[in-house]
Amino acid sequence: MKGIILAGGAGTRLYPMTKVTTKQLQPVYDKPMIYYPLSFLMLGGISDILIISTPQDLDSFKNLLGDGMQLGIKITYAVQESPTGLPDAFVLGENFINGEDVTLILGDNLFYGDMSFYRDAVVKHKNYEGNIRGRIFAYGISDPRPYGVVEFDETMRVISVEEKPSKPKSNYAIPGLYIFDGSVSERARKLEKSPRGEKEIVDLMKAYLNESLLGVQIISRGVAWLDSGTPETLLEASTFIGAIEKRQGLKVACLEEIAWRMKYIDDTGFQNLIETIPRSPYKEYLLKIRG
């Protein structure tokens, strides 16, 4: 399975911070925001990743992450000239996807906790269990109105998906995390633009739903989902990550550690990585866990 991180958009809700640098490079506690969705994919076993961003920001991502070789993964890049909607990521990434299954995660979505919900979904998707070709995730929330909302029955059959409904049919929001089969690029290309001039992810989900090909995976209560797209949620995410790291003495979304523990790199590769990092608390942490 391949992975795509959509790290574009104007980031207007974070202005004037985004006048300096794009939203996905803003700090969430002690790391750039992009580290969190990238670490999620790496922890899920995905090592071939496409990052999509704007023309003015793409070089910053390249300077930060390079081609991923130092982490034992492969990172490639694509430009989204204008915010034309989430499904456009699958059109821009068609050659990258190349007919394979793909996970899309939004660059401002953070997940912390037990990853089994995602790993289970990947296993089910690889086997096309229940002939499901598109998988979304459901996160119980007190007020889902600002998000996409999924309705499903006791057998986990998806009944409906809605975007920011005034009267939600369930309390399950749809986070910015999706798994689709290799037909997704063709399906995304056929979508019509909405009145706001963008292709809508809810319409892509409905394209699978209308053919009874859409499945849902519940995210357990032990998982925190943080959307860091506003000043308030960015602060909340930073405070949350800071509290976890201080309490446990372990870093969240430390790419170098994940690459080593997931065996994308060996001990020598890990040591070489540490040597490239300037003297800092971050380097001291890596030296400590190396032992």
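The rules behind the values
- Here the residue numbering is sequential within each chain, running from 1 through the sequence in written order.
- Where local features are concerned, this predicted model is filtered to residues with pLDDT of at least 70; where side-chain atom pairs are given and counted, the filter is 80 or more; whole-chain, interface and lining totals use all residues.
- The basis for every side-chain value is the complete set of heavy atoms in the structure, and neither hydrogens nor water enter the calculation.
- Segments assigned H or I by DSSP are reported as helices when at least four residues long, segments assigned E as strands when at least two residues long, and all are numbered from the N terminus.
- When the centres of two rings from Phe, Tyr and Trp lie within 6.5 Å, Trp using its six-membered ring, the rings pair. Their planes under 30 degrees apart give stacked, over 60 give edge-to-face, and anything left gives tilted.
- Only protein chains enter the calculation, and the probe is 1.4 Å; a residue is then buried if its accessible area is under 20% of its type maximum, exposed if over 50%, and partly exposed in between.
- Residue contacts are defined here by distance: any two heavy atoms, one from each residue, within 4.5 Å place the two residues in contact.
- In this description, the arc belongs to the directions extending from the helix axis to the C-beta atoms.
- Between N-to-C directions, angles span 0 to 180 degrees; the directions come from axes that are lines fitted to C-alpha atoms, helices contributing only their stretch in contact.
- Put simply, angles under 35 degrees are roughly parallel, angles over 145 are roughly antiparallel, angles from 65 to 115 are roughly perpendicular, and the rest are oblique.
- For any helix crossing, the convention is left-handed if the near helix is rotated counterclockwise from the far helix by under a right angle, and right-handed if that rotation is clockwise.
- All residues other than Ala, Val, Leu, Ile, Met, Phe, Trp, Tyr, Cys, Pro, Asp, Glu, Lys and Arg, Gly among them, are scored as polar; the first ten of these are nonpolar and the last four charged.

**Q** It is not clear to me how unusual backbone geometry should be interpreted in this structure. Could you clarify?
**A** What is expected of a backbone is that most residues other than glycine have negative phi and most peptide bonds are trans. With an omega of 10 degrees, the peptide bond running from Tyr15 to Pro16 counts as cis. The phi dihedral of Asn131 falls on the positive side, at around 60 degrees, and the residue is not glycine. Although it is not a glycine, Lys263 adopts a positive phi angle of roughly 65 degrees. Here Lys263 is to be found in the loop between helix H9 (255-261) and helix H10 (267-276).

**Q** Where do I start with the packing of aromatic side chains in this structure?
**A** Geometrically, a pair of aromatic rings is defined through the distance of the ring centres and the angle of the planes. Applying the stated criterion across every chain yields a total of 14 aromatic pairs. For the pair Phe90 and Phe180, a centre-to-centre distance of 5.4 Å together with 90 degrees between the ring planes defines the contact as edge-to-face. With Phe90 in helix H3 (residues 88-92) and Phe180 in strand S12 (residues 177-180), the pair connects residues that are 90 residues apart, well separated along the chain. Taken individually, Phe90 and Phe180 each receive the classification buried, so the pair is uniform in this respect. Seen in terms of ring centroids, Tyr178 and Phe180 are 6.3 Å apart; in terms of plane orientation they differ by 10 degrees. Their pairing is stacked. The pair Tyr178 / Phe180 is uniform in exposure class, with both members buried.

**Q** What am I meant to see in the side chain of Arg187 here?
**A** Mapped onto the elements, Arg187 comes out in helix H6 (residues 184-190). The exposure class of Arg187 is buried, given its relative accessible area of 16%. Other than its neighbours up to four places away in sequence, Arg187 contacts Leu204, Ala207, Tyr208, Glu211 and Leu213.

**Q** What am I meant to see in helix H2 (residues 58-65) here?
**A** Within H2, the full set of buried residues consists of Leu58, Phe61 and Leu65. All buried residues of H2 fall inside an arc of 60 degrees around its axis, so they share one side. Away from its buried face by more than 90 degrees, H2 exposes Asp59 and Asn63. Where H2 is buried, its residues touch helix H1 (35-43), strand S4 (48-53), strand S5 (74-79) and H9.

**Q** Looking at this structure, how should I read the packing of H10 against helix H11 (residues 281-290)?
**A** When two helices pack together, their arrangement is given by the angle between the helix axes and by the axis-to-axis distance. Between H10 and H11, whose axes approach to 10 Å, the crossing angle comes to 155 degrees. Between H10 and H11, the interaxial angle falls into the category roughly antiparallel. Here H10 and H11 pass one another in a crossing that is left-handed. Together, Phe270, Gln271, Ile274 and Glu275 of H10 and Lys283, Leu286, Leu287, Ile289 and Arg290 of H11 make up the contact between the two elements. Taken together, the residues of the contact of H10 with H11 break down into five nonpolar, one polar and three charged.

**Q** Would you explain the environment of Phe180 in this entry?
**A** Its relative accessible area of 0% is what places Phe180 among the buried residues. Each C-alpha atom of the pair Phe180 and Ala121 lies 11 Å from the other, and the pair is 59 residues apart in sequence.

**Q** Where do I start with the side chain of Ser228 in this structure?
**A** Within the secondary structure, Ser228 sits in the loop between strand S14 (224-227) and helix H8 (231-248). With residues up to four places along the chain from it excluded, the contact list for Ser228 reads Leu14, Lys23, Met33, Asp108, Leu110, Thr233, Leu234 and Ala237.

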